[in-house]
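Summary of the model geometry
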Amino acid sequence: MRRLLVVVLLLAVGFGMAFGLSGALRLSWVPAQVMAEPSGVAPVRAAVPAEVGSVTLNRHSHRLDVAARAVTDAGRGHRGVLRVVVRGDNSGETYRIDRTADGFVLSADGEAGAAAGLYAVADRIRSGAPIATGQSTPKLGLRLTDAGSVGREPDPRTWSKGTDYSLNTDIVTGTLLPRAPWVDRAAVDRVAAQFRQFIDHSVAQGYNGVVVPGFLEYVTFGKAVYPAGDPHIARAQAMVQAFAPVFGYAAEMGVRVYFLTDMLALSGPLDAYLTKQNDPWPIYQAGLRELFASMPFAAGLMIRVGEGGSAYHAPGWDYYSRIAVTTPEKVRAMLTALLAVAAEGDRDIIFRTWTVGVGAVGDLHTNPESYEKVLGGLHDPHLIVSTKFTLGDFYGHLPLNTTFGVGDQRRIVEFQGRREFEGFGSLPNDLTALHASALRQLLAENPRIEGVWLWTQDGGPLKAGPMTLYLRTGFWQLYDLNAYAMARLAGQPDADPAGITADWVRQTFSADPATATAVGHMFAMSREAITKGLYLTPYADNSVKALGLEPPPMMWIFEWDIVTGDSAVLDSIYAIGRDRVDETIAAGDRAIALADQQRSLVSATDPATWRDPALRAQLLAALDYQSDLFRTLGAYRTMVLRRAQWIDTGSAAARSQWQQAEKVYEAARATHVRRYSGDVTLPAYNFTAADLGMRRFDRDPLMAVLARVLLGVLIVSVLVPWRPLRALWTAAIMPWRAGAPAADHARWVAILFPAAVLVLSRGIHTWFAAPAELLVTLGCWALFALVVRLLVRGRDPYPLWTVIGGVALLRSALLLAALAIRGPGHYWFEFWTNPTARSAYVTIGFALFGWLFVATGSVLRTRYCWSRRRVAGAVTLAGGLPMLALGALIWSVGLERSLTIWNDQMALLPWGLHRILGMVTYLGIPPQLPLWLLAVGALLTAVGLVLTWSVRQGRIAAA
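Residues numbered from 1 in each chain as written. Predicted model: local features only at pLDDT ≥ 70, side-chain atom pairs only at ≥ 80, totals over all residues. Heavy atoms only, no water.

1. Notes on the overall build of the protein chain
Along the protein chain, the regular secondary structure elements total 32 helices and 19 strands. Considering only C-alpha atoms, the protein chain reaches an extent of 120 × 70 × 45 Å along its principal axes. Within the protein chain, buried positions represent 58% of all 959 residues. A separation threshold of at least 6 residues defines the contact pool for the protein chain, and within that pool the share at least 24 residues apart is 78%. For the protein chain, the computed accessible surface area is about 37200 Å², with 59% contributed by carbon and sulfur atoms. Side-chain charges in the protein chain split into 89 positive and 79 negative, and the spacing between the mean points of these groups amounts to 11 Å. (Helix = DSSP H or I, 4+ residues; strand = E, 2+ residues; numbered from the N terminus. Buried < 20%, exposed > 50% of the residue type's maximum accessible area, 1.4 Å probe, protein only. Contact = heavy atoms within 4.5 Å. Areas by Shrake-Rupley, 256 points an atom, 1.4 Å probe, with all protein chains shown as cover. Lys, Arg positive; Asp, Glu negative; His and termini not counted. Charge placed at Lys NZ, Arg CZ, Asp CG, Glu CD.)

Here it is as structure tokens:
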């Protein structure tokens, strides 16, 4: 009865482990209300000749002179006159245009309105459209951009590798010197020229605000943080002196300047200072006051608390960030402190709700309840909340962000023009209709939305994509369309998206009606091509949760350009859409057909009708790249889905289709890599992870055969009446009956047969491709057995070997039974996608793991006549030393590196997880885990030593 209770208890503990594992994995998916992707093509329209060729101003300033020059440049050669009358100093952007006998009159109550009107007239002339008369006021008063490509230099050597996943966005690091005078004057001048170019372009499109990265590098904190003579002080002062005039140009052009920082923003001395403070915010208040004093044109500070870390650190730059503001209370304390400073100078604090899932506010961006918990009741006229329009990152196949439906703060909406996850702007990707639809819905839902923030260049690692720098290098025009369109939509949300695209095409590519219409058709097809070519619809149209996180809808291409090969993602994607495999494969074929059709439309245009033949060549090259990419990805999607279908069903047809698709994929991938590898403009996608997974999955059929053979050997070993084998199975199930060997060779059978099965079964489980897994698993078995063997020295170890070996056979039989179905691939498929099978396996597997300790204790008690205390000490010591060794190994290698090595060999989680986000941080694994293993292992080892030593000393004393 007691033994039965032990078995029940072990199974109960195993079930508890299975239940806890399922709770940790938290795998679930529900259909999402994905935003519609509207599209349209503007009708063919002949260009209207320019109606204005000159401008007269009753007031001159640099801002107005630049705006007037935009009109004269657009209408050069026409005799019509636009007279501009500025009546006052109002900061509003309202203006009025009236037709006169010799042209037009533009009247406004201030420079802002006059400049807005001038740029609107220039835009109409460039678009070949008539000048609109009457009064006009932009719908949204705050229209922000990022800082474009300012401060970033096109260096092919740094782009060609395509593996630099740094997320640092500083635009001034290229100007730094390691010692006084701290900044390179010539480099500052280059940045200043780039900034002026960017501001002039953005203002002409209709933007009136810019977000500039930086905060801590311009602050000295007086004498509170840095001691006298600390280089941080002199460097910050030099930075202010150098860059205040640079960024001040934006204010001269009527552009509001917001500085951007992560919180906590830190330097080494500041970090040390904060460890001695109960409240971190007074020193940040002092720093913000200093920033506003030294940069008096600053309109405010933008803050993000939900992302940061080493990926954002610039080499040689002693400023970094830490995700530390992770609770609602900390967020509110931070905002309250900084808003008090903002109120002193009537400035704004823009708080971004974006998070990557870390901490108690990890779902602030997507959860209305969390939004209310963090920001509910926080009323301040200087607080603006900035949120991405999607319920997630800037992907397709996502719902509209539901957090815009809560809160009564001032709001702005974030958009991305250069879609980082959709080729970094290397593919035609007209977002105008999508952005228009989203903006209209959000404005209808939340009347407190007063602005937009459009990213022209930012988002993702700059140097992992194409070397395309906005306004300066590469085919940046492809995403300039989205920047142009967002400014138009912010001013007139009800404007026709197809008409906006058509205007941009006429201004950028060709005013010829036939060519403009053909290119317009090409762009109208771009979203369907992108959403079918880069997404797997049945998966992407679901809201998925795993490990407490919300994986994005494009997990098969993990973060930008890495085509993944891990079982967790690929198996889950298949499981979600297992009934729509043919449809998903057909969608890839449709994307290829669309890409080919897009290319045909453009290639059929007359080169002579283009403003610049080089732009036509660039567009055709981008379309060729798109077709090639979609063909490669289409072959890959077919391969992985058919392979998963075989894993799931065992279908011979699916296996044949998988193997045929693999040949197509290998040929397509080789062509893609050969053609685009090293191309800094159209870089090849990264198929390293895909190939790692493929090589392992290819072994599944063979591994299944080997598992069946080995499992058959175990079954035979149970059935044959050979005492050395029978002894192993008997000892495994009834360790108290373990006896003496029948012959000398039985000792070798008790050791070598279980060891061979153990090694082979674990080798099969890892496709014979993961030595790290074998090292840990087999090492722990070996160390356990060695410790117990040493403890029984002087006595016949045979009963002990039969028990340990027998339990190893039991554990191996369970593993082989799972592997024999369709190899390790099926094992992991069931683990990720079948909670019932996973729970059953983990319950039995953990019970057998616990049985090793029970059985070992039983044989020591019954066959070696040890006391309960001595048995407890031996088992504790034998269990503690492997844990101590494992903790020491992981600690010496490093937790992040250890997990990366293991994952690279097992292909279970995305290969890019470590390289981009960090497995420890992103998955919420405690960094102290190796130390915990060391501590627990050391404690168990010590307890085991004390118990066994005290018993030994007691026996010696008794003797």
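2. Some points on the sheet that holds strand β7 (residues 142–145)
Strand order in this closed barrel of eight strands is β7-β8-β9-β11-β13-β14-β15-β16, and the pairing throughout is parallel. Adjacent strand axes in the sheet meet at a mean angle of 25°, parallel and antiparallel pairs treated alike. Taken together, the four bridges between β7 and strand β16 (residues 449–455) define a ladder with parallel strand orientation. Directly across from R143, in β16, lies its bridge partner V452. The strands touched by helix α6 (residues 231–252) within the sheet are β8 (209–213) and β9 (256–262), with β9 carrying the most contacts at an inclination of about 135°. Sitting on the sheet, helix α9 (residues 328–344) is in contact with β11 (298–306), β13 (348–355) and β14 (383–388), with an inclination near 155° to β13. (Pairing = 2+ DSSP bridges. Axes fitted to C-alpha atoms, helices over the stretch in contact; angles between N-to-C directions.)

3. Observations concerning the sheet that holds strand β4 (residues 95–100)
Within the open sheet, the five strands sit side by side as β2-β3-β5-β4-β6. Their pairing is mixed. Every interior strand has two partners, whereas the edge strands, β2 (54–57) and β6 (134–136), have only one. Between one strand and the next, the sheet's axes are offset by a mean angle of 20°, whatever the strand orientation. In this sheet, strand β3 (residues 81–86) lies alongside β2 in parallel orientation, the contact comprising four bridges. Among the inter-strand pairings, L57 is bridged to a residue of β3, identified as V84. Sheet contacts for helix α2 (residues 62–74): β2 and β3; angle to β2, the most-contacted strand, approximately 155°.

4. Observations regarding a nonpolar patch on the surface
On the surface, L702, V705, L706, V709, V713, L760 and F768 cluster together into a nonpolar patch covering about 570 Å² of accessible area. Among the elements that make up the nonpolar patch, the one with the highest residue count is helix α22 (residues 700–719) (five residues). (Patch = residues over 30% accessible without salt bridge, like charges linked within 9 Å, V, L, I, M, F, W, Y side chains within 5 Å. Salt bridge = Lys/Arg side-chain N within 4 Å of Asp/Glu carboxyl O.)

5. Thoughts on the pairing of β16
For β16, the tally of buried residues reaches six of seven residues, placing the bulk of the element in the interior. Relative to β16, strand β15 (residues 410–416) is paired through six bridges, and the arrangement is parallel. Within β16, the residue paired with I412 across the bridge is G451. Crossover handedness for the path β15 to helix α11 (residues 432–445) to β16: right-handed. (Right-handed = clockwise from strand over helix to strand, strands pointing away.)

6. Brief notes about the pattern of salt bridges
For the structure shown, the criterion picks out 40 salt bridges. Residue R76 pairs with D73 through a salt bridge whose shortest N-O separation is 2.9 Å. Note on R76: relative accessible area 64%, which makes it exposed. For D73, a relative accessible area of 41% gives the class partly exposed. A salt bridge links D503 to R488; the nearest nitrogen and oxygen atoms lie 3.2 Å apart. Of this pair, D503 sits in helix α13 (residues 497–508) while R488 sits in helix α12 (residues 477–491), and the two are 15 residues apart along the sequence. Residues D503 and R488 agree in their burial class; the two are buried. One salt-bridge network, held together by shared partners, links R45, D123, R124, R126, R488, D503 and R506.

7. What to know about helix α10 (residues 368–375)
Inspection of α10 places S370, Y371, V374 and L375 among the buried residues, and these make up the whole buried set. Down the axis, α10 shows its buried residues gathered within 105° of arc, on one side only. In α10, those exposed residues whose orientation departs by more than 90 degrees from the buried face are E369 and K373. Contacts from the buried residues of α10 go to α9, β13, β14 and β15. Two or three places before E369, at the start of α10, stands the capping residue N367, its side-chain oxygen 2.9 Å from that residue's backbone nitrogen. At the C-terminal side of α10, G377 shows a positive phi close to 80°. (Arc of directions from axis to C-beta. Polar contact = N/O pair within 3.5 Å; in protein donor to acceptor, adjacent residues only side chain to side chain.)

8. Regarding empty space enclosed by the protein
To find the voids left in a structure, one rolls a probe of water-molecule size over its atoms. Going through the model one piece at a time under the given rule, you end up with 12 cavities of 30 Å³ or more. One number sums up the size of the largest cavity: a volume of about 320 Å³. As for the largest cavity, its lining consists of 22 residues, and the residues nearest its centre are A546, L547, P551, M555 and V569. If you tally residues by element for the lining of the largest cavity, the top one is helix α17 (residues 567–576), at four residues. Of the residues contributing to the lining of the largest cavity, the split by class is 21 nonpolar, one polar and no charged. Estimated volume of the second largest cavity: approximately 120 Å³. For the second largest cavity, the lining is made up of 17 residues, of which V41, A42, A502, A516 and G520 are closest to its centre. (1 Å grid on protein atoms, 1.4 Å probe; cavity = no way out; pocket = protein on both sides within 12 Å on 5 of 7 lines; lining within 4 Å. Points joined across faces, edges and corners; volume = space filled by probe spheres on them. Nonpolar A, V, L, I, M, F, W, Y, C, P; charged D, E, K, R; others polar.)

9. Brief notes about the packing of helix α20 (residues 652–676) against helix α21 (residues 688–697)
α21 packs onto α20 with a crossing angle of 150° between their chain directions and a minimal axis gap of 13 Å. Our classification of the angle between α20 and α21 gives roughly antiparallel. Once α20 is placed against α21, the crossing between them reads as left-handed. Taking contact as the criterion, the partners of W658, E662, Y665, E666 and R669 in α20 are, on α21, A690, D691, M694 and F697. For the contact of α20 with α21, the class distribution of residues is five nonpolar, no polar and four charged. (Parallel < 35°, antiparallel > 145°, perpendicular 65-115°, else oblique. Left-handed = near helix turned anticlockwise from the far one by under 90°.)

10. Quick word on the nonpolar core
Formed by 161 residues in total, the largest nonpolar core has its most connected members in L118, F247, F259 and Y284. Among all residues touching F259, those that are not within four sequence positions of it are V212, G214, Y218, F247, L291, M295, F297, A298, G300, L301 and M302. Counting 141 residues, the second largest nonpolar core, distinct from the first, contains A635, Y798, W911 and V920. (Core = buried A, V, L, I, M, F, W, Y, C linked by side-chain atoms within 4.5 Å.)

11. As for a positive patch on the surface
On the surface, R2, R3, R861 and R868 cluster together to form a positively charged patch. Tracing the backbone shows R3 in helix α1 (residues 2–25).

12. Regarding the packing of helix α18 (residues 581–603) against helix α19 (residues 613–649)
Contact pair α18 / α19: the axes reach a minimum separation of 9 Å and the direction vectors enclose 170°. As far as their axial angle goes, α19 and α18 are roughly antiparallel. Here the contact of α18 with α19 is built from residues that sort into 12 nonpolar, eight polar and eight charged.

13. Re the side chain of Q457
The topology assignment puts Q457 in the loop between β16 and α12. A polar contact is formed between the side chain of Q457 and the backbone nitrogen of Y470, at a distance of 2.8 Å. The residues contacting Q457, other than those within four sequence positions of it, are D146, G148, S149, R152, R418, L462, T468, L469, Y470 and Y479.

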